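Here's the letter readout for the chains.
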Amino acid sequence: MSKRVVLVVLDSVGIGFSADADEYGDRGANTLGHIADSAGLDIPNMHRMGLGNIAPLHGLPSLGTTSAAYGMAKEVSKGKDTTTGHWEIAGQILSEPFPTYPNGFPEDIISAFEKATGRKTIGNKVASGTAIIEELGDQHVASGDLIVYTSADSVFQIAAHEEVVSFEELYKYCEIAREQLNVGRVIARPFVGKNGNYTRTSNRHDYSLEPSENMLTRIKAAGKDSIGVGKIFDIYAGKGFTDHVYTKSNEDGIDQTIEYLKKDNNGLIFTNLVDFDMLFGHRRDLIGYRDALEYFDQRLPEIMDAMKEDDVLIITADHGNDPIFKGTDHTREHIPILVYGKKVKPVNIGFRNTFADIGTTIEELLLNEAPTTGSFASMIL
């Protein structure tokens, strides 16, 4: 039984397209593989943990002895978005995907939203968040109309300049949309700047549907700490958490994780590092993505040094976002799993049949429950 588990999701760091990738138009995608092939990866700490043992990665040969347990998992749920991936990790598998709107939102949805908010909208199409504020930012500033857009994921995103619509007001509009829509997430996307030179701010806020009972709610019900770092709290609509902190960047997320490790808590510290996806995957920034992976690897020893004797660190992902693949959207990929701890056996945990094996394992580690199908706790301790 472990006193604490630290679960770090490297948002979008997939490790190769899944068997059903054709259903999503993603055959050939490989986030980590293509970054390693095209830009090289200097990540000695994750290499020693066994990342190169999970799947072939250029420059990261398989090792005879690793410093961590390693494996990978496939996604069972329908979809390839953040909410779907995270919910499956926590044990909730979706048999039907969240609705998507590749041609923009129907007129009845937009009309109902405009009536409820008292503001007109512009955009209403699939778009990159940075591109659409460059395209429509001036029009928004002049008119006050809200920029509404979506992506291949189930999202209703609202962008507004903070000097035109305060982010507090923008949050209220998102709450209205959340009540009206069944999309996976409604996302506030505030930005600043002038004359076509606009920059999104860190005041982003996600509004997810509420999940069912899951790993988080059971950990909390058992009297354990359930701590969210980054956008984790929003992904689960706040359900099942005892504490949380929002973060401004991967650097901030790592810092906050280390700070929680230094405290006397007992349970789960659940961190999402979103920059991989938001800043580099969606923007198809190969070099930025590589640099972010190398930065995380450089900080890994600090996380490990802050861990106590019985702590367990699990590093994984929630989907892919291959920066050299077509389009600008998530990719249907397997996710890597690296498990480190002073008492963790450096074994191959194999190919897991669902992301939910991660959550099942965490529950066995923290709650001292009888082994459950899918748990790899007995393999690593």
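Residues numbered from 1 in each chain as written. Predicted model: local features only at pLDDT ≥ 70, side-chain atom pairs only at ≥ 80, totals over all residues. Heavy atoms only, no water.

Student: Describe in detail the pairing of strand β3 (residues 121–126), supporting the description with residues and values.
Tutor: Within a regular strand, side chains alternate between the sheet's two faces. In this sheet, strand β4 (residues 146–150) lies alongside β3 in parallel orientation, the contact comprising 5 bridges. Each residue of the ladder has a partner; that of G123, found in β4, is V148. On the question of chirality, the crossover connecting β3 to the parallel β4 by way of helix α6 (residues 129–143) is right-handed. (Pairing = 2+ DSSP bridges. Helix = DSSP H or I, 4+ residues; strand = E, 2+ residues; numbered from the N terminus. Right-handed = clockwise from strand over helix to strand, strands pointing away.)

Student: Lay out the UniProt feature "domain: Metalloenzyme" (unreviewed entry) in the protein in plain terms, naming residues and giving numbers.
Tutor: With numbering matched to this structure, UniProt assigns "domain: Metalloenzyme" (unreviewed entry) to residues 3–367. In residues 3–367, the share of helix is 36% and the share of strand is 21%. The end C-alpha atoms are 9 Å apart. (UniProt positions renumbered as here; feature names shortened; annotations may be inferred.)

Student: For the packing of helix α5 (residues 107–117) against helix α7 (residues 167–180), give the residues involved together with the corresponding values.
Tutor: At their nearest, the axes of α5 and α7 sit 10 Å apart, and the two run at 140° to each other. As judged from the angle between their axes, α5 and α7 are oblique. As for the relative orientation of α5 and α7, their crossing is right-handed in sense. For the pair formed by α5 and α7, the contact residues are A112, F113, A116 and T117 on the first element and Y173, I176, A177 and Q180 on the second. Counted by class, the contact of α5 with α7 contains 6 nonpolar, 2 polar and no charged residues. (Axes fitted to C-alpha atoms, helices over the stretch in contact; angles between N-to-C directions. Parallel < 35°, antiparallel > 145°, perpendicular 65-115°, else oblique. Left-handed = near helix turned anticlockwise from the far one by under 90°. Contact = heavy atoms within 4.5 Å. Nonpolar A, V, L, I, M, F, W, Y, C, P; charged D, E, K, R; others polar.)

Student: Describe the nonpolar core, naming the residues involved and giving the relevant values.
Tutor: In terms of nonpolar packing, the biggest core is built from 83 residues, with L51, L268, F296 and I362 touching the most fellow members. When residues of this core are assigned to their parent elements, the largest contribution, 9 residues, is made by helix α12 (residues 286–306). Non-local contacts of I362, meaning those with residues more than four positions away in its chain, are made with V5, L7, M215, I219, L268 and I314. In this structure, Y101, V148, A177 and V186 belong to the second largest nonpolar core, which totals 21 residues. (Core = buried A, V, L, I, M, F, W, Y, C linked by side-chain atoms within 4.5 Å. Buried < 20%, exposed > 50% of the residue type's maximum accessible area, 1.4 Å probe, protein only.)

Student: So what's going on with the UniProt feature "binding site: Mn(2+) 1" (unreviewed entry) in the protein? Which residues, and what values?
Tutor: In this numbering, the UniProt entry assigns the feature "binding site: Mn(2+) 1" (unreviewed entry) to D11, D318 and H319. Spanning 309 residues, the annotated positions come together in the fold, the maximum distance between their C-alpha atoms being 7.2 Å. Inspection of the secondary structure assignment puts D11 in the loop between β1 (5–10) and α1 (31–39). Under the relative-accessibility criterion, D11 is labelled buried at 0%. Discounting chain neighbours no more than four positions away, the residues touching D11 are T82, H86, K231, N272, L273, V274, F276, D277, Y289, D318 and H319.

Student: Go over the layout of surface pockets, please, and point to the residues and values.
Tutor: For the largest pocket, the calculated volume is near 480 Å³. Taken together, 29 residues make up the lining of the largest pocket; nearest its centre are T201, S202, R204, T247 and M278. For the lining of the largest pocket, the secondary-structure elements that each account for two or more residues are α6, β7 (197–200), β8 (205–208), β11 (267–273) and α11 (275–281). For the lining of the largest pocket, a count of residues per class yields 8 nonpolar, 11 polar and 10 charged. Considering the residues around the second largest pocket, the lining is formed by 24 residues, among which G129, S151, Q157, R189 and H282 are closest to the centre. Top element by residues in the lining of the second largest pocket is strand β6 (residues 185–194). It accounts for 3 residues. Of the residues that constitute the lining of the second largest pocket, the class distribution is 6 nonpolar, 9 polar and 9 charged. (1 Å grid on protein atoms, 1.4 Å probe; cavity = no way out; pocket = protein on both sides within 12 Å on 5 of 7 lines; lining within 4 Å. Points joined across faces, edges and corners; volume = space filled by probe spheres on them.)

Student: Tell me what's going on with the pattern of salt bridges, and back it up with residues and numbers.
Tutor: Counted under the stated rule, the structure contains 20 salt bridges. The shortest N-O distance in the salt bridge between K262 and E259 comes to 3.8 Å. In this structure K262 comes out as exposed when scored by relative accessible area, which is 59%. The exposure class assigned to E259 is partly exposed, which follows from its relative accessible area of 39%. Via salt bridges that share partners, D20, E75 and R332 belong to a single interconnected network. (Salt bridge = Lys/Arg side-chain N within 4 Å of Asp/Glu carboxyl O.)

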